[in-house]
Amino acid sequence: MSKNSTTQLEDRTVKALRVPTDLSQDGVAEISSALRELLADVFALYVKTKNFHWHMTGPHFRDYHLLLDEQGEQIFEMTDDIAERARKIGGTTLRSIGDIAEHQRLKDNNAEFVGPKEMLGELAADNLQLTRFLRSTHEICERHNDVATASLIENWIDESERRTWFLSESAQ
């Protein structure tokens with residue numbers, strides 16, 4: 001494909017994905033970039049939460065298993081809202097598992113065995129880190145006067161703080 005053809009394809013793609021918004025182009029770029037990273041982290045946390053849910057053992061199995069299942073559902077519910085918010089303002093979002101891996105900041109856990117207390121502690125730390133990422137994204141939204149995204153993030157902060165609290169208490 002020639003350079004001219006590539007440029008024309010890129011121009012058509014940008015035009016096809018363009019969405020009317022009163023946010024600045026810089027605002028859309030910065031917010032959608034932050035949402036892309038946030039979405040990757042939420043997917044990573046969801047998979048880790050489900051991994052630990054599936055591999056839970058021990059005398060508190062049922063309680064922990066149900067807690068992680070409930071938290072996994074709550075985390076997964078965020079994904080569509082994050083992605084659609086990025087598109088709603090004219091940005092793009094994740095496209096693949098590789099894209100998630102490229103943008104995620106939370107670390108995976110591929111260990112063959114993790115004890116229940118370690119699982120809960122690691123998830124508490126990850127949810128706390130997610131809260132920090134959410135606050136950082138909220139600041140970006142405030143800078144660009146994106147009150148709708150900021151409002152969504154405020155609810156997610158409350159949810160992640162609650163998950164952190166429950167996990168921390170359970171891990172003691």
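None of these values were measured; they are calculated from a predicted model. Residue numbers restart at each chain and count upward from 1, following the sequence in its written direction. With pLDDT at 70 or above as the cut-off, local features in this predicted model cover only qualifying residues; side-chain atom pairs require 80 or more to be listed or tallied, and sums for whole chains, interfaces and linings still use all residues. Values shown for side chains rest on all heavy atoms present in the structure; no hydrogens or waters enter the calculation.

Visitor: Mind laying out the pattern of salt bridges, listing which residues take part and the relevant values?
Guide: The salt bridge criterion pairs a side-chain nitrogen of Lys or Arg with a carboxyl oxygen of Asp or Glu, the two atoms within 4 Å. Counted according to the given criterion, the structure contains eight salt bridges. The shortest N-O distance in the salt bridge between Arg135 and Glu161 comes to 2.5 Å. Taken as a pair, Arg135 in helix α5 (residues 116–143) and Glu161 in helix α6 (residues 147–171) lie far apart in primary sequence, 26 residues in all. The exposure class assigned to Glu161 is partly exposed, which follows from its relative accessible area of 37%. Through salt bridges that share partners, Glu37, Asp41 and Arg105 make up one connected network. Think of it this way: any DSSP run of H or I at least four residues long counts as a helix, any run of E at least two long counts as a strand, and we number them from the N terminus. Working definition: with a 1.4 Å probe on protein chains only, accessible area under 20% of the residue-type maximum means buried, over 50% means exposed, and in between means partly exposed.

Visitor: Would you mind going over the side chain of Arg85 in detail, with residue names and values included?
Guide: You can see Arg85 is positioned in helix α3 (residues 61–88). Judged by relative accessible area, Arg85 falls into the buried class, the value being 12%. Whether two residues are in contact is decided by their heavy atoms, any of which lying within 4.5 Å being enough. Residues contacting Arg85, with those up to four places away along its chain left out, are Leu35, Asp146, Ala148, Thr149 and Leu152.

Visitor: Run through the confidence of the model for the chain, naming residues and quoting values.
Guide: Along the chain, pLDDT gives the predictor's confidence residue by residue, from 0 to 100. When pLDDT is averaged along the chain, the result is 92; 90% of the residues meet or exceed 70. No element of the chain has a lower mean pLDDT than helix α1 (residues 3–17), which averages 55, and none a higher one than α5, which averages 98.

Visitor: Could you give an account of the environment of Ala44, with specific residues and numbers?
Guide: With respect to the helices and strands, the residue Ala44 is situated in helix α2 (residues 25–54). Placed 26 residues apart in sequence, Ala44 and Arg18 show a C-alpha to C-alpha distance of 28 Å. With residues near it in sequence (within four places) discarded, Ala44 still touches Gln104, Leu106 and Asp108.

Visitor: Outline the nonpolar core, supporting the account with residue identities and numerical values.
Guide: Ile31, Leu38, Leu68, Ile82, Leu134 and Leu167 are the most contacted members of the largest nonpolar core, which totals 39 residues. Where this core is concerned, the elements lending two or more residues are α2, α3, α5 and α6. Considering each element in turn, this core owes the most residues, 10 residues, to α2. Filtering out sequence-adjacent residues up to four positions away, Leu68 remains in contact with Thr49, Phe52, His53, Met56, Leu120, Leu123 and Leu167. Buried Ala, Val, Leu, Ile, Met, Phe, Trp, Tyr and Cys residues form a nonpolar core when they are joined through side-chain atoms within 4.5 Å.

Visitor: Outline a negative patch on the surface, listing residues and values.
Guide: The patches reported here contain residues having more than 30% relative accessible area and no salt bridge. Joining distances are 9 Å for like charges and 5 Å for nonpolar side chains (Val, Leu, Ile, Met, Phe, Trp, Tyr). For accessible areas, the Shrake-Rupley method is used with a probe of radius 1.4 Å. Any residue's cover is judged against the shown protein chains and nothing else. His is not counted, nor are the chain ends; Lys and Arg add positive charge and Asp and Glu add negative charge. Charge placement uses NZ in Lys and CZ in Arg. For Asp and Glu, CG and CD serve respectively. A cluster of acidic residues, Glu70, Glu73, Glu77, Asp80, Asp81 and Glu84, forms a negative patch at the surface. Residue Glu77 is classed as exposed on the basis of its relative accessible area of 58%.

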